[in-house]
Amino acid sequence: MRLSHKTATLLVLIPLIVLAPIFFPSNFYYRVGSLIFINGLAVTGMVILIGYAGQISLGHAGFAGIGAYSCALMPVHWGIPPVAAAVLGAVISALLAWLVGRPILRLKGYYLAVATLGFGILVYMVLTNETWLTGGPDGMSVNDSGLRDMAEAVGIDLKNSQFWYWMCAIVLVIGVWLAMNLQDSPTGRALRAVHGSEVAARTVGVDVARYKLQAFVISAVYASVAGSMVALQNEFVTPDVAGYMHSIEWVTMTVLGGAGSVLGAIFGAAILTTLPQVLTAFAEYEQLLLGLIMMLVMIFMRDGLLPSIMRRIRGKDE
Amino acid sequence: MSALLSVENLGITFGGLRAVHDVSFSVKPGEILSVIGPNGAGKTTLFNMISGVYQPGSGKVVLEGQDVTGMRPDLLAHRGMSRTFQNLQIFQNMTVLENAIAGFHLTESGNLFADLLRLPGSRGRARTAHQGAMRLLERVGLEASAETNAGSLSYGKLKRLEIARALALSPKVLLLDEPAAGCNAVETEEIDQMIAEVAKSGVAILLVEHDMKMVMRISNHIVVLDHGEKIAEGDPATVSRDPAVIAAYLGTEAAEDADA
Ligand SMILES: Nc1ncnc2c1ncn2[C@@H]1O[C@H](COP(=O)(O)OP(=O)(O)OP(=O)(O)O)[C@@H](O)[C@H]1O
Ligand SMILES: [Mg+2]
């Protein structure tokens, strides 16, 4: 029997997550790991938007900002526990994505890219300028979520970095599971149909605008939860979480790894999260090398790293 | 029986070019109506207006007694209209099977949360669509290619895949824009038979086809377009004798033969 895409993806991902710590020389690596998982989560959402539905967004860090600041602000002002605030933040992100997406998703290609970029910058500016609420560029602290204490109460006693490694991993796996369910579902097929040919999708009855909006909203929720994870883990947020560089990074990770596949995008997230740490050895050439690697991958592996590598492996088998 | 679909004085202009002008006709259930005419006559444009891809500049499209002029294609699909494309519109990012399943969108799609959580309802609908799609692929002879990427299929096979996808909607009216283009004689014969079968099941069929032998064999009624205007219509025998048709159409056909 052939493995389904979903099973195969989870069978690769989960063992990697579980076994990786064996090779961690220090706690710092848990921290890098959780960063990969958070980016991986956002990027899984981007696969739904870019890979499935064929749309682009350069503003999704804006939703991460909303997720992050929900965790910071709601507990202080409304007395809502941070974890519930993350859920509420995701709801707010979904509503906002729905509102913004309706007019914006009529645009195509680079028009859409610019409009979403504008949205992201807008969120960033609000978080930076409304100092009375957000603390401005200096950021603000986030109340302890109490998750680690809860874990401790049931006998799971982990160092902070270890605890968040596993927390982020669990959220990522749930996110991947949902995205893989979606891919091979009626909705996923409709999204991919929109990607393949809008006019053909329409003639088989797909309400194209509605499905694009669904993909936009779902991916916004992924970004929002990723932002919340950052806030909960760091217990501190700055407007940087909504910075447009993050939006662009996510698109880059998605495309570099292989936009069509969740595993590929997470691979892209892992590479682009760890590469800068590795390249620090090259000091001032770090950014230069990073840019060069990105260019070379796109020139020689147009489908993204993972799909190209897989094809090469299969090609040798045959 | 009354008309299932009728087109009344339909017209559109593109920057001064009257691509289609004042065209009217109607099709009944089970009938095969062919639209013929030389290259650039406006056949595809006519299909695009009927199926809601283009907004008609003038005139009406009436489906089952209701004015559906310029209605969105996805809403027309709900009302039982389905079509194929002359310049293939395949979902290249999917397998052959998934393309066919996509044709079942109307019956397959349900609730987003059921899909995200892979609830039994979602799985059940997907399974039904999967089975229906496999049957259609068998019908068009593509069952062996089910798991292949649609992008890697030959042109003739893609044409058949589009027909399968269009049939998946269980349409009341089916628009086929050159379904046999690029197919060899055997394949053309098969498509020919399939169209006749579909019509026999009560579907109204609008057909654009350059293969005159096929058109004359299977059409109940023929509408001839030239420079966007209807220059003749009638049964195959009448139309093939019409001097205007011979001048407009067969003249260019002879020229095409000379080109080839
Ligand atoms: N979107 C468009 N914009 C401008 N002109 C168009 C457009 N679509 C079609 N036309 C023009 O309308 C005329 C009719 O084209 P159409 O494609 O309908 O012809 P056709 O009968 O289908 O020809 P063929 O047999 O080659 O398929 C042509 O002159 C074509 O250039
Ligand atoms: Mg045409």
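Residues numbered from 1 in each chain as written. Chains lettered and ligands numbered in written order. Predicted model: local features only at pLDDT ≥ 70, side-chain atom pairs only at ≥ 80, totals over all residues. Heavy atoms only, no water.

- Chain B goes by ABC transporter ATP-binding protein in an unreviewed UniProt entry, where it is assigned to Paracoccus aurantiacus.

- As annotated in an unreviewed UniProt entry, chain A is Branched-chain amino acid ABC transporter permease from Paracoccus aurantiacus.

### Description of helix H8 (residues 185-200) of chain B
Residue and element names in this part refer to chain B.
- The first and last C-alpha atoms of H8 sit 23 Å apart over 16 residues, in line with the 22 Å expected at 1.5 Å per residue.
- Taken residue by residue, H8 has Glu187, Thr188, Ile191, Asp192, Met194, Ile195, Val198 and Ala199 as its buried positions. Angularly, the buried residues of H8 cover 165° about the axis, an arc narrow enough to put them on a single face. Opposite its buried face, H8 presents the exposed residues Ala185, Val186 and Lys200, each directed more than 90 degrees away.
- Elements that come into contact with the buried residues of H8 comprise strand S3 (32-36), helix H6 (120-139), helix H7 (155-167), strand S7 (173-177), strand S8 (204-208) and helix H9 (212-218).
- At the C-terminal side of H8, Gly202 shows a positive phi close to 105°. (Helix = DSSP H or I, 4+ residues; strand = E, 2+ residues; numbered from the N terminus. Expected span 1.5 Å × (residues − 1). Buried < 20%, exposed > 50% of the residue type's maximum accessible area, 1.4 Å probe, protein only. Arc of directions from axis to C-beta. Contact = heavy atoms within 4.5 Å.)

### What to know about the UniProt feature "transmembrane region" (unreviewed entry) in chain A
- Per the UniProt record, the feature "transmembrane region" (unreviewed entry) sits at residues 7-24, 30-51, 83-101, 110-127, 163-182, 255-275 and 287-306 of chain A.
- What you have in residues 30-51 of chain A is 100% helix and 0% strand, and the ends, taken at the C-alpha atoms, are 29 Å apart. (UniProt positions renumbered as here; feature names shortened; annotations may be inferred.)

### A look at the environment of Trp166 of chain A
Residues and elements named next belong to chain A.
- Of note, Trp166 is situated in helix H8 (residues 160-183).
- Sequence-wise, Trp166 and Gly33 are 133 residues apart; in three dimensions their C-alpha atoms are separated by 9.2 Å.
- Look past the residues within four positions of Trp166 in its chain and what remains in contact with it is Ile17, Val18, Pro21 and Leu158.

### Focus on the domain arrangement of chain B
Residues and elements named next belong to chain B.
- Split by domain assignment, chain B resolves into domain 1 (1-80 + 171-260) and domain 2 (90-166).
- Taken together, the contact pairs 17 residues of domain 1 with nine residues of domain 2.
- Counting each side, the surface lost to burial between domain 1 and domain 2 is near 1000 Å², with a carbon and sulfur contribution of 66%.
- Remark: the boundary between domain 1 and domain 2 carries two salt bridges.
- Residues Arg139 and Glu197 are paired through a salt bridge, measuring 3.7 Å at the closest nitrogen-oxygen approach.
- At the junction of domain 1 and domain 2, the tally comes to two residue pairs in polar contact (both at pLDDT 80 or more).
- Going through the elements one at a time, helix H2 (73-78), S7 and H8 are the ones with two or more residues in the side of domain 1 that touches domain 2.
- Of the residues forming the side of domain 1 that touches domain 2, the biggest block, six residues, is contributed by H8.
- Looking at the side of domain 1 that touches domain 2, its residues break down into ten nonpolar, two polar and five charged. (Domains from an automatic or database assignment. Buried area = accessible area lost by both parts, 1.4 Å probe. Salt bridge = Lys/Arg side-chain N within 4 Å of Asp/Glu carboxyl O. Polar contact = N/O pair within 3.5 Å; in protein donor to acceptor, adjacent residues only side chain to side chain. Nonpolar A, V, L, I, M, F, W, Y, C, P; charged D, E, K, R; others polar.)

### Observations concerning the side chain of Asp192 of chain B
Residues and elements named next belong to chain B.
- As for its placement among the helices and strands, Asp192 is situated in helix H8.
- You can call Asp192 buried: its relative accessible area is 5%.
- The contacts of Asp192, once residues within four sequence positions are left out, are Met214, Arg217 and Ile218.

### Remarks on the coordination of the magnesium ion (ligand 2)
Residues and elements named next belong to chain B.
- The protein atoms that coordinate the magnesium ion (ligand 2) are Thr44 (OG1) and Gln86 (OE1), at distances of 1.9 to 2.0 Å. Here Thr44, found in helix H1 (residues 43-50), pairs with Gln86, found in the loop between strand S6 (81-83) and helix H3 (96-102); they are 42 residues apart in sequence, far enough to count as distant.
- By relative accessible area, Thr44 is classed as partly exposed at 24%. (Donors = N, O, S within 2.8 Å, 3.2 Å for Na, K, Ca; no water.)

### Overview of the site of ligand 1
Residues and elements named next belong to chain B.
- Close contacts around ligand 1 come from 15 residues, with Gly40, Lys43, Thr44, Thr45 and Gln86 the closest.
- Asn39 is positioned such that a nitrogen or oxygen atom in its side chain is 2.8 Å from an oxygen atom of ligand 1.
- In the environment of ligand 1, an oxygen atom lies 2.8 Å from a nitrogen or oxygen atom belonging to the side chain of Gln86.
- Sorting the residues of the shell around ligand 1 by element identifies strand S2 (17-27) and H1 as the ones contributing at least two each.
- In the shell around ligand 1, the residues fall into six nonpolar, seven polar and two charged. (Near = heavy atom within 4 Å.)

### Considering the pattern of salt bridges
- Summed over the entire model, instances satisfying the criterion amount to 16 salt bridges over all chains.
- Between Lys108 of chain A and Glu198 of chain A there is a salt bridge; the shortest N-O distance is 3.3 Å. Placement of Lys108 of chain A in the loop between helix H4 (82-104) and helix H5 (109-129) and of Glu198 of chain A in helix H10 (residues 198-203) is noted, with a sequence separation of 90 residues between them.
- Classification of Glu198 of chain A by relative accessible area gives buried; the value is 18%.
- Residues Glu187 of chain B and Arg160 of chain B are paired through a salt bridge, measuring 3.4 Å at the closest nitrogen-oxygen approach. Here Glu187 of chain B, found in helix H8, pairs with Arg160 of chain B, found in helix H7; they are 27 residues apart in sequence, far enough to count as distant.
- Note on Arg160 of chain B: relative accessible area 8%, which makes it buried.
- One salt-bridge network, in which partners are shared between bridges, spans Lys108, Glu198, Arg202 and Lys212 of chain A.

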